[in-house]
Protein chains: 2
Amino acid sequence: MPLPAMPTPLLTPAANLIAASGGRVTRTRTAVLEVLQHSARSLNHDDIAAELAANGLPHDRVTLYRTLDWLVEQGLAHRVIGPDRARRFKAGGEISSPHAHFHCERCGHVLCLESIRPDERFTLPAGYEPERAELVFHGTCADCGRRRGAKA
Amino acid sequence: MPLPAMPTPLLTPAANLIAASGGRVTRTRTAVLEVLQHSARSLNHDDIAAELAANGLPHDRVTLYRTLDWLVEQGLAHRVIGPDRARRFKAGGEISSPHAHFHCERCGHVLCLESIRPDERFTLPAGYEPERAELVFHGTCADCGRRRGAKA
DNA sequence: GATCTAATGCTACAATGTTGCATTAGATCC
DNA sequence: GGATCTAATGCAACATTGTAGCATTAGATC
């Protein structure tokens, strides 16, 4: 016995966020936001494109760029520029919760350090008016350190 | 009465540094290093190329890239990746004196904050082994703040 | 001054991101 | 449920930043 069509279909959390932003709820947007939400690390375009392809979703490079820009604009995702000068994305706004990032030189991943706030710990020379601070550590991440015998 | 040709020509500080690194002292290298040394802010490729052109020096894009990479490798210059994902360079090594940077969103310049050391002020989660930290402030620099009436 | 090769200057290419425009498909209205 | 309106998409072409290969030039050394 088939269920009756739901009058107000249950949206995923991602879809709800997108709808709340006033934009159209499209397959690409929901899929991209969900990919970001389900990842512990920040993802670059290739990572995301690969995820979309794995799910059989139609997409192209340009749409992905525009979708990600839109998500950042709406505060649904934030962007880090990695050392390879490629952008990486992660779900969640930046302004609401500023935090540091960690770039692992072994595995290349960029992780969020939610516990570290880069702002308001430094005194700048007179005249400088900082609006936000970006703090990126480079080194070996916990996973890679463990994998090779945690020398600490 | 012309001066006699100097037997051991006096080298500029830049040329001396280059010679001390074991590399050949070429026009491009000395010129690029001098441009960097004379600038208070970090310069991108275009800035440097414009300076070289103004001095009538022969150069091309690729040589400039290689020259800058070499200077960084020798510890004679350091590199910052700007928000426009383009590299910016400044004289002086990074390892010897790690410091924060300030990106002015008004004039686009990236300045060095020699007085601020980004390292050893944060406690990272267990397992993370940072080797260096990168700290970039975004906001309004002293010059631009003054120019519009220093609201602070 | 001759020689040896690091450094240069080409050309061609790779990676990342952008612009313009025709087409598709969410949302809305009836 | 279907017509309509336009945001979002998909495609092609382009822009910017950085690399690779290789013949030529010019620092350093003998």
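From a predicted model like this one, the values you see are computed outputs, not experimental measurements.

S.K.: When you look at helix α1 (residues 13–20) of chain A in this model, what are you seeing that I'm missing?
M.R.: The α-helix advances 3.6 residues per turn, and as a result positions three or four apart in sequence lie on the same side. Residues and elements named next belong to chain A. Here α1 has its buried residues at Ala14, Ala15 and Ile18. Burial along α1 is one-sided: seen end-on, the buried residues are contained in an arc of 95°. Turned more than 90 degrees away from the buried face of α1 sit Pro13 and Ala20, all of them exposed. On its buried side, α1 packs onto α2 (27–37) and α4 (61–73). At the C-terminal side of α1, Gly22 shows a positive phi close to 90°.

S.K.: How should I be thinking about the interface of chain B and chain A in this particular structure?
M.R.: Often, the extent of an interface is quoted as the loss of accessible area on bringing the components together. Taken together, the contact pairs 35 residues of chain B with 35 residues of chain A. Carbon and sulfur atoms make up 59% of the area that chain B and chain A hide from each other, which totals about 3400 Å². Along the contact surface separating chain B from chain A lie 1 salt bridge. Between B:Glu105 and A:Arg132 there is a salt bridge; the shortest N-O distance is 4.0 Å.

S.K.: What exactly am I supposed to notice about the state of the cysteines here?
M.R.: What is meant by a disulfide is a covalent connection between two cysteines, made through their sulfur atoms. For the coordinates displayed, the defined rule picks out 0 disulfides over all chains. Not engaged in a disulfide, the cysteine A:Cys107 finds its nearest cysteine sulfur in A:Cys104; these two sulfurs lie 3.6 Å apart.

S.K.: What am I meant to see in the pairing of strand β4 (residues 100–104) of chain A here?
M.R.: Remark: a regular strand shows side chains that alternate across the two faces of the sheet. All names here are of chain A. Extensive coverage of β4 is indicated by the burial of 5 of its 5 residues. Side chains Ala100, Phe102 and Cys104 project from β4 onto one buried face, and the interleaved His101 and His103 project onto a second face that is buried too. Where β4 meets strand β5 (residues 110–113), 4 bridges bridge the pair, whose relative direction is antiparallel. Pairing of Phe102 across the sheet is with Leu111, part of β5. The pairing of β4 with strand β6 (residues 129–140) spans 4 bridges and is parallel. Each residue of the ladder has a partner; that of Cys104, found in β6, is Gly139.

S.K.: Explain a positive patch on the surface to me, please; I cannot follow it from the model alone.
M.R.: On the surface, A:Arg85, A:Arg87, B:Arg85 and B:Arg87 cluster together into a positively charged patch. Position of B:Arg85 among the secondary structure elements: in the loop between β2 (77–81) and β3 (87–91).

S.K.: Would you mind showing me how to read the relation of the copies chain B and chain A here?
M.R.: For the pair of chain copies, the relating operation is a rotation around an axis with a shift along it. Superposition record for chain B on chain A: RMSD 0.1 Å, screw rotation 179°, translation along axis 0.0 Å. Such a turn and shift between the copies fits a two-fold axis. Looking at the rotation axis and the C-alpha trace of chain B, the residue lying nearest is B:Leu135, at 2.3 Å. Taken as a fraction of all interface residues of chain B, those also at the interface in chain A reach 100%, which identifies the copy contact as same-surface.

Calculation criteria
- Residues numbered from 1 in each chain as written.
- Chains lettered and ligands numbered in written order.
- Predicted model: local features only at pLDDT ≥ 70, side-chain atom pairs only at ≥ 80, totals over all residues.
- Heavy atoms only, no water.
- Buried < 20%, exposed > 50% of the residue type's maximum accessible area, 1.4 Å probe, protein only.
- Helix = DSSP H or I, 4+ residues; strand = E, 2+ residues; numbered from the N terminus.
- Arc of directions from axis to C-beta.
- Contact = heavy atoms within 4.5 Å.
- Buried area = accessible area lost by both parts, 1.4 Å probe.
- Salt bridge = Lys/Arg side-chain N within 4 Å of Asp/Glu carboxyl O.
- Disulfide = S-S within 2.5 Å.
- Pairing = 2+ DSSP bridges.
- Patch = residues over 30% accessible without salt bridge, like charges linked within 9 Å, V, L, I, M, F, W, Y side chains within 5 Å.
- Areas by Shrake-Rupley, 256 points an atom, 1.4 Å probe, with all protein chains shown as cover.
- Lys, Arg positive; Asp, Glu negative; His and termini not counted.
- Charge placed at Lys NZ, Arg CZ, Asp CG, Glu CD.
- Least-squares fit on C-alpha atoms with pLDDT ≥ 70 in both.

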